[in-house]
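The chain contents come next:
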Amino acid sequence: SDWSSDVCSSDLFPSHDTQTNPNNNTTTTTETNNNTNTTTQTETNNNTNTTTQTETNNDTNVTTQTTVNNDTGVTTDTTTDTNGNVTTEVTTDPNN
């Protein structure tokens with residue numbers, strides 16, 4: 001039987017979109033993965049030397065955001081659950 005019609009190419013590979021904003025020196029990439037029903041947005045800010053990644057599970061509506069300051073080695077993880085409860089954890093890289 002021909003199973004190829006059961007699989008869409010959009011199911012196999014995540015989609016990507018990249019935006020650059022020269023005004024605030026940031027680059028934002030958005031990736032949607034149809035297999036896991038998640039959206040991941042990564043923003044690099046060259047002015048502040050930080051990288052922020054936000055992942056949203058569209059099934060559970062849980063959002064996780066990680067911000068890394070590449071100068072200080074401080075990482076901030078923030079999770080928002082389905083009820084809107086926010087948990088934040090801050091860690092510091094001892095090698096910085």
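For the structure itself, consult the block above.
In short, a report on the structure. Every chain is numbered independently, its residues counted from 1 as its sequence is written. Residue-level local features of this predicted model are given only where pLDDT is at least 70; pairs of side-chain atoms are given and counted only at 80 or more, and the full residue set underlies all totals for whole chains, interfaces and linings. Side-chain measures were taken over the full set of non-hydrogen atoms in the model, leaving aside hydrogen atoms and water.

Now for the overall build of the protein chain. For the protein chain, the count of helices and strands is 1 helix and 7 strands. In this description a helix means any DSSP run of H or I spanning at least four residues, a strand means any run of E spanning at least two, and both kinds are numbered starting from the N terminus. The helix and strand sequence of the protein chain, counted from the amino end, reads α-β-β-β-β-β-β-β. Looking at the protein chain residue by residue over its 96 residues, the buried ones come to 14%. A sequence separation of at least 24 residues applies to 3% of the contacts in the protein chain between residues at least 6 apart. For the area figures, the Shrake-Rupley method with a 1.4 Å probe applies, and any residue is considered shielded solely by the protein chains shown. When the accessible surface of the protein chain is split by element, carbon and sulfur atoms take 43% of a total near 6,700 Å². Burial classes: relative accessible area under 20% of the type maximum marks a residue as buried, over 50% as exposed, and values in between as partly exposed (1.4 Å probe, protein chains only). Note on contacts: a residue pair qualifies if any of its non-hydrogen atoms lie within 4.5 Å across the two residues.

So, about the sheet that holds strand 7 (residues 86-92). Paired strands, as defined in this entry, are two strands with at least two bridges between them according to DSSP. Taken in spatial order, the 7 strands make up an open sheet running 1-2-3-4-5-6-7, and their pairing is antiparallel. Each edge of the sheet is formed by a strand with only one pairing partner; in this case those strands are strand 1 (15-21) and strand 7. Adjacent strand axes in the sheet meet at a mean angle of 10 degrees when their direction is disregarded. Relative to strand 4 (residues 50-57), strand 3 (residues 38-45) is paired through 8 bridges, and the arrangement is antiparallel. By the bridge assignment, Thr 40 is partnered in strand 4 with Glu 55. Note on geometry: axes are lines fitted to C-alpha atoms, helical ones only across the stretch in contact, with angles between N-to-C directions running from 0 to 180 degrees.

It is worth spelling out the pairing of strand 2 (residues 26-33) at this point. Sheet topology note: the strand 1/strand 2 ladder contains 7 bridges and is antiparallel. Considered in strand 2, the bridge of Gln 19 is made with Thr 28. In this antiparallel pair of consecutive strands, strand 1 and strand 2, the connection spans 4 residues, and Asn 25 shows a positive phi of 60 degrees. Hairpin connection from strand 2 to strand 3: 4 residues lie between these consecutive antiparallel strands, with Asn 37 at a positive phi of about 55 degrees.

Let's shift gears to the side chain of Thr 54. Summarising the element assignment, Thr 54 is placed in strand 4. For Thr 54, a relative accessible area of 17% puts it in the buried group. Each polar contact in these results corresponds to two N or O atoms within 3.5 Å; when the atoms are within protein, one needs to be able to donate a hydrogen and the other to accept it, and residues that are neighboring in sequence are counted only if both atoms are side-chain atoms. In terms of polar contacts, Thr 54 uses its side chain to reach the side chain of Gln 65, at 3.1 Å. When near neighbours in sequence (up to four residues on either side) are disregarded, Thr 54 contacts Thr 39, Thr 40, Gln 41, Thr 63, Thr 64 and Gln 65.

With that out of the way, let us pick up the environment of Val 62. By the secondary structure assignment, Val 62 is in strand 5 (residues 62-69). For the pair Val 62 and Thr 82, spaced 20 residues apart in the sequence, the C-alpha separation amounts to 5.5 Å.

Function-wise, these values are silent; they only describe arrangement.
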